[in-house]
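If you want the building blocks of each chain, they are given just below.
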Amino acid sequence: MEHTNDTTPAETDHDNAEAASAAHAPRDPGAVEEFWDERYSDMAQLWSGQPNATLLTEVQGLPAGRALDVGCGEGADALWLTEHGWRVTALDVSRVALDRAAAQAAVRGVQVNWLHAGLVEAALPPASFDLVSAQYPALLRTDENVAEHALLAAVALNGVLLFVHHPAPTEEEAAAHGFHADDYVGPAQVAALLDDNWQVEVDETRPRHVATGAGSHHTHDVVLRARRLR
């Protein structure tokens, strides 16, 4: 759902806790919303409040335009983008998370279009965003690749899709956490749908250097950045 070149323990708590929680999320949209609302309600602040490090790295040099933050959580990425000139739509299934994000926006005096919906359910206008950012999202896989197509469809001509996740777990690792490795969309599934209409600018696994924090066992991230040519 949501997120210096240096990764901090606080940020690690943010993205890895989210990915771990996604492992146990239900598939029904209504139940998914309830799941995340309950998770956010368990703590006054679930994430670090800092934007994701990879987002900051990958948007350097991009002209500010229209951005979509997929699974924005408490809004750290969306707020950072807005404060750097982007016109941001940020969506999340959790009303609790969005209320916190909106409260932070009011404190900081910025405006974000907060959208209470999942990516697929949002039915966004096609080709509407110069940047579509999905940082460690919990997107359910389907036979029709619905979530992946929704991501690609949202990107405007010459726009950029940025998709970041941890490497796919082995079947044994997934089973140990009570879920199936094939349940959720990863960078490989998105990359497989990129055709001649896209230019892949980044597709790599990067090391993480985190000494402490809930996600310190994660040592790498997979980063996919692609630009829509036509």
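Residues numbered from 1 in each chain as written. Predicted model: local features only at pLDDT ≥ 70, side-chain atom pairs only at ≥ 80, totals over all residues. Heavy atoms only, no water.

**Student:** What is the right way to look at the side chain of S128 in this model?
**Tutor:** With respect to the helices, strands and loops of the structure, S128 is situated in the loop between helix 6 (119-122) and strand 4 (129-135). Beyond its immediate stretch of four places on either side in the chain, S128 contacts R66, A154 and A156. (Helix = DSSP H or I, 4+ residues; strand = E, 2+ residues; numbered from the N terminus. Contact = heavy atoms within 4.5 Å.)

**Student:** Got a minute to help me understand the packing of helix 2 (residues 29-41) against helix 5 (residues 95-108) in this structure?
**Tutor:** Two measures define how a pair of helices packs: the angle their axes make with one another and the distance between the axes. In contact at an axis separation of 7 Å, helix 2 and helix 5 are set at 50° when each is read in the N-to-C sense. Classified by the angle between their axes, helix 2 and helix 5 sit oblique to one another. Contact residues: helix 2 offers D37, Y40 and S41, while helix 5 offers R95, V96, A97 and R100. Of the residues in the contact of helix 2 with helix 5, the class split is three nonpolar, one polar and three charged. (Axes fitted to C-alpha atoms, helices over the stretch in contact; angles between N-to-C directions. Parallel < 35°, antiparallel > 145°, perpendicular 65-115°, else oblique. Nonpolar A, V, L, I, M, F, W, Y, C, P; charged D, E, K, R; others polar.)

**Student:** Just checking my understanding: could you explain the pairing of strand 1 (residues 66-70) for this structure?
**Tutor:** For a regular strand, side-chain orientation follows a simple rule: the groups alternate between the two sheet faces. Extensive coverage of strand 1 is indicated by the burial of four of its five residues. Regarding the hand of the β-α-β motif, the stretch spanning strand 1, helix 4 (residues 76-83) and strand 2 (residues 87-92) is right-handed. Two strands pair when backbone bridges link them, and strand 1 and strand 4 are joined in this way by four bridges, in the parallel orientation. Residue pairing for strand 4: D69 is matched across the bridge by S133. (Buried < 20%, exposed > 50% of the residue type's maximum accessible area, 1.4 Å probe, protein only. Right-handed = clockwise from strand over helix to strand, strands pointing away. Pairing = 2+ DSSP bridges.)

**Student:** Can you walk me through the environment of L193 in this structure?
**Tutor:** Positionally, L193 belongs in the loop between helix 9 (187-191) and strand 6 (198-207). By relative accessible area, L193 is classed as partly exposed at 25%. It is 8.1 Å that separates the C-alpha atoms of L193 and H149, two residues lying 44 residues apart in sequence. L193 has contacts with N145, E148, H149 and L152, leaving out every residue within four places of it along the chain.

**Student:** What am I meant to see in the pattern of salt bridges here?
**Tutor:** Oppositely charged side chains can pair when the atoms bearing their charge come close. Within the structure shown, the criterion is met by nine salt bridges. Two residues, R206 and E58, come together in a salt bridge whose shortest N-O distance is 2.4 Å. Note that R206 is positioned in strand 6 and E58 in helix 3 (residues 53-58), a separation of 148 residues in sequence. E201 is paired through a salt bridge with R225; the nearest N and O atoms lie 2.9 Å apart. Highlighted residues: E201 in strand 6 and R225 in strand 7 (residues 220-228), separated in sequence by 24 residues. (Salt bridge = Lys/Arg side-chain N within 4 Å of Asp/Glu carboxyl O.)

**Student:** Could you clarify how one ought to interpret unusual backbone geometry in this entry?
**Tutor:** One can expect most non-glycine residues to show negative phi and most peptide bonds to be in trans. Located in the positive-phi region is Y136, a residue other than glycine, with phi close to 55°. Along the chain, Y136 turns up in the loop between strand 4 and helix 7 (146-154).

**Student:** So what exactly am I meant to see when it comes to the pairing of strand 4 here?
**Tutor:** Of all seven residues in strand 4, six are buried, a share of seventy percent or more. Following the chain from strand 4 across helix 7 to the adjacent parallel strand 5 (residues 155-165), one finds a crossover that is right-handed.

**Student:** What's the story with the environment of D130 in this structure? I'm lost.
**Tutor:** Tracing the sequence through the fold places D130 in strand 4. Each C-alpha atom of the pair D130 and R87 lies 9.7 Å from the other, and the pair is 43 residues apart in sequence. The contact partners of D130, leaving out residues within four places of it in the chain, are G65, R66, W86, A156, G159 and V160.

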